[in-house]
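Each chain is listed here by its residues.
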Amino acid sequence: MNSQAPRYFALIPAAGVGARMAASGPKQYLKIGGKPMLRHAIDAFLFSELIAHTYVVVSADDPIIDSIVPSHGVTVLRCGGATRMESVRNGLAALAPTLRENDWVLVHDAARPGLDEALIEKLITTTGEHPVGGLLALPVVDTVKRSIGGELGTLSTVAREGLWLAQTPQMFRYKLLREALSAARDPNQITDDASAVEALGLSPKLVEGHPRNMKVTLPSDVRIAEMYLATAQPELL
Ligand SMILES: Nc1ccn([C@@H]2O[C@H](COP(=O)(O)OP(=O)(O)OP(=O)(O)O)[C@@H](O)[C@H]2O)c(=O)n1
Ligand SMILES: C[C@](O)(CO)[C@H](O)COP(=O)(O)O
């Protein structure tokens, strides 16, 4: 029986190039709400009393991170990979000397600046006793269509009952997440951490997140994210 109190660590993959944002540089450093987008995620974990330490995975030659990372509570891992999954896998491998097998790791996109301590606490308190782990997500509220065969191809409607849009953080025990990502055969098929765990036949817990925790992917997302950030507290959690 492991008598050690659970520990919670944040891992922020921030080694992307932001191709869909088509900005002059990587989107994680775009100024949003008065500071670089990545800093919002870092600060959410720094302000949370539940998070023991935060790790940020960046590209080996990232020239910006050292100028924006705070002096405490955060460690930079210069081991970003070609995909998000590989960046997370490399970051976890770098933490082998530091983390215990049953430590919880909350993997959160640098591209989601709307995370706050309340959502972190909600995920941890809801998932902390779950045998597999869990993730923030939003239930689908629109009708979902599937387009087959390009512009004039057929269109079908996908039943939306039970459909959720995954957010992050996605929270798993260190050993399980490393095993799941190591077992992944095609890194391009694993677009979030939960899908690697599901590929082991396990079912993570879905925890309702919040639209403010949106992923900033396209240029049109920037103003929406800034609107949420200008709202001190989410209206609903
Ligand atoms: N090789 C990669 C690719 C992505 N990410 C990170 O994974 C998160 C989600 O990825 P995404 O929103 O797709 O960011 P980008 O890959 O930068 O965007 P794009 O796909 O438009 O290039 C981001 O915080 C991004 O920095 C990463 O650490 N390493
Ligand atoms: C992890 C994620 O944010 C969950 O929705 C999403 O899969 C990231 O996708 P991206 O293409 O790497 O932005």
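Thresholds applied
- Residues numbered from 1 in each chain as written.
- Chains lettered and ligands numbered in written order.
- Predicted model: local features only at pLDDT ≥ 70, side-chain atom pairs only at ≥ 80, totals over all residues.
- Heavy atoms only, no water.
- UniProt positions renumbered as here; feature names shortened; annotations may be inferred.
- Pairing = 2+ DSSP bridges.
- Helix = DSSP H or I, 4+ residues; strand = E, 2+ residues; numbered from the N terminus.
- Axes fitted to C-alpha atoms, helices over the stretch in contact; angles between N-to-C directions.
- Contact = heavy atoms within 4.5 Å.
- Parallel < 35°, antiparallel > 145°, perpendicular 65-115°, else oblique.
- Left-handed = near helix turned anticlockwise from the far one by under 90°.
- Nonpolar A, V, L, I, M, F, W, Y, C, P; charged D, E, K, R; others polar.
- Near = heavy atom within 4 Å.
- Polar contact = N/O pair within 3.5 Å; in protein donor to acceptor, adjacent residues only side chain to side chain.
- Areas by Shrake-Rupley, 256 points an atom, 1.4 Å probe, with all protein chains shown as cover.
- Core = buried A, V, L, I, M, F, W, Y, C linked by side-chain atoms within 4.5 Å.
- Buried < 20%, exposed > 50% of the residue type's maximum accessible area, 1.4 Å probe, protein only.
- pLDDT = per-residue confidence, 0-100.

In the nomenclature of an unreviewed UniProt entry, the chain corresponds to 2-C-methyl-D-erythritol 4-phosphate cytidylyltransferase from the organism Massilia litorea. The UniProt entry for the chain carries this comment under Function (unreviewed entry): "Catalyzes the formation of 4-diphosphocytidyl-2-C-methyl-D-erythritol from CTP and 2-C-methyl-D-erythritol 4-phosphate (MEP)."

Asker: How should the sheet that holds strand β5 (residues 74–77) be read in this particular structure?
Answerer: Strands pair in a sheet through their backbones, by hydrogen bonds, and they do so in one of two ways: parallel or antiparallel. Strand order in the open sheet formed by seven strands is β5-β4-β1-β6-β10-β7-β11, and the pairing between neighbours is mixed. Each having just a single partner strand, β5 and β11 (205–208) make up the two edges of the open sheet. Averaged over all adjacent pairs, the angle separating strand axes in this sheet is 25°, with direction ignored. Bridge count for strand β7 (residues 133–139) against β11 is four bridges, and the pairing is parallel. Directly across from Gly 134, in β11, lies its bridge partner Lys 205. Relative to the sheet, helix α1 (residues 37–47) contacts β1 (8–13), β4 (53–57), β5, β6 (104–107) and β10 (164–173), its axis offset from that of β1 by approximately 180°.

Asker: Help me understand the packing of helix α3 (residues 84–94) against helix α5 (residues 174–183) in this model?
Answerer: To characterise two packed helices, one gives the angle between the axes of the helices and the distance between these axes. As a packed pair, α3 and α5 sit with axes 10 Å apart at the nearest point and diverge in direction by 135°. Taken together, the axis directions place α3 and α5 in an arrangement best described as oblique. By crossing handedness, the relation of α3 to α5 is classed as left-handed. Facing Met 85, Val 88, Arg 89, Leu 92 and Ala 93 of α3, the residues of α5 in contact are Tyr 174, Leu 177, Arg 178, Leu 181 and Ser 182. Of the residues assigned to the contact of α3 with α5, the class counts are seven nonpolar, one polar and two charged.

Asker: Would you explain the site of ligand 2 in this entry?
Answerer: In the vicinity of ligand 2, the contacting residues are Arg 20, Arg 84, Asp 109, Arg 112, Ala 166, Thr 168, Thr 191, Asp 192 and Lys 215. Interatomic distance of 2.7 Å between a backbone N/O atom of Thr 191 and an oxygen atom of ligand 2. Contact with the protein chains removes 76% of the 360 Å² of surface that ligand 2 exposes when unbound.

Asker: Before we go on, may I ask you to explain the nonpolar core in this structure?
Answerer: Looking at soluble globular proteins, one finds that nonpolar side chains tend to be buried together. With 28 residues, the main nonpolar core has Leu 38, Val 56 and Leu 106 as its most contacted residues. Among the elements of the structure, β1, α1, α2 (65–68), β6 and α4 (117–127) are those that each provide at least two residues to this core. Of all the elements, α1 adds the most residues to this core, at five residues. Contact partners of Leu 106, with chain neighbours within four places excluded, come to Tyr 8, Phe 9, Ala 10, Leu 11, Phe 45, Ile 51, Ile 120, Leu 123, Ile 124, Pro 169, Gln 170 and Met 171. Counting residues in hydrophobic clusters, the runner-up holds 27 residues, among them Val 88, Tyr 174, Ala 184 and Ala 194.

Asker: What's the story with the UniProt feature "site: Transition state stabilizer" (unreviewed entry) in the chain in this structure? I'm lost.
Answerer: Here the UniProt-annotated "site: Transition state stabilizer" (unreviewed entry) positions come out as Arg 20 and Lys 27. Position of Arg 20 relative to the elements: it lies in the loop between β1 and β2 (31–32). Among the residues examined, Arg 20 registers a relative accessible area of 56% and is labelled exposed. Not counting residues within four places of it along the chain, the set of residues in contact with Lys 27 comprises Val 17, Gly 18, Met 21, Met 37, Ala 111, Val 216 and Thr 217.

Asker: What exactly am I supposed to notice about the confidence of the model for the chain here?
Answerer: Do not read the predicted coordinates in detail wherever pLDDT is low. Model confidence for the chain is summarised by a mean pLDDT of 94, while 96% of its residues fall at 70 or above. For this predicted complex, the interface confidence comes out at an ipTM of 0.98, alongside a pTM of 0.96.

Asker: What is the right way to look at the UniProt feature "site: Positions MEP for the nucleophilic attack" (unreviewed entry) in the chain in this model?
Answerer: The residues that UniProt annotates with the feature "site: Positions MEP for the nucleophilic attack" (unreviewed entry) are Arg 160 and Lys 215. Checked against the element boundaries, Arg 160 lands in the loop between β9 (154–158) and β10. Here Lys 215 lies in the loop between β11 and α7 (221–229). Once residues within four sequence positions are removed from consideration, Lys 215 is found in contact with Arg 20, Asp 109, Ala 111, Arg 112 and Asp 221.

Asker: Help me understand α1 in this model?
Answerer: Each α-helix winds once per 3.6 residues, and so residues spaced three or four apart point in a common direction. Burial analysis of α1 places eight of its eleven residues in the buried class, the great majority of the element. The set of residues buried in α1 consists of Met 37, Leu 38, His 40, Ala 41, Ile 42, Asp 43, Ala 44 and Phe 45.

Asker: Can you help me understand unusual backbone geometry in this one?
Answerer: Negative phi is the rule for most residues except glycine; trans is the rule for most peptide bonds. Of note, the bond from Thr 168 into Pro 169 is cis; its omega dihedral lies within 30 degrees of zero at 10°. Relative to the elements of secondary structure, Pro 169 occurs in strand β10. Phi at Ala 22 takes a positive value of approximately 50°, unusual for a residue other than glycine.

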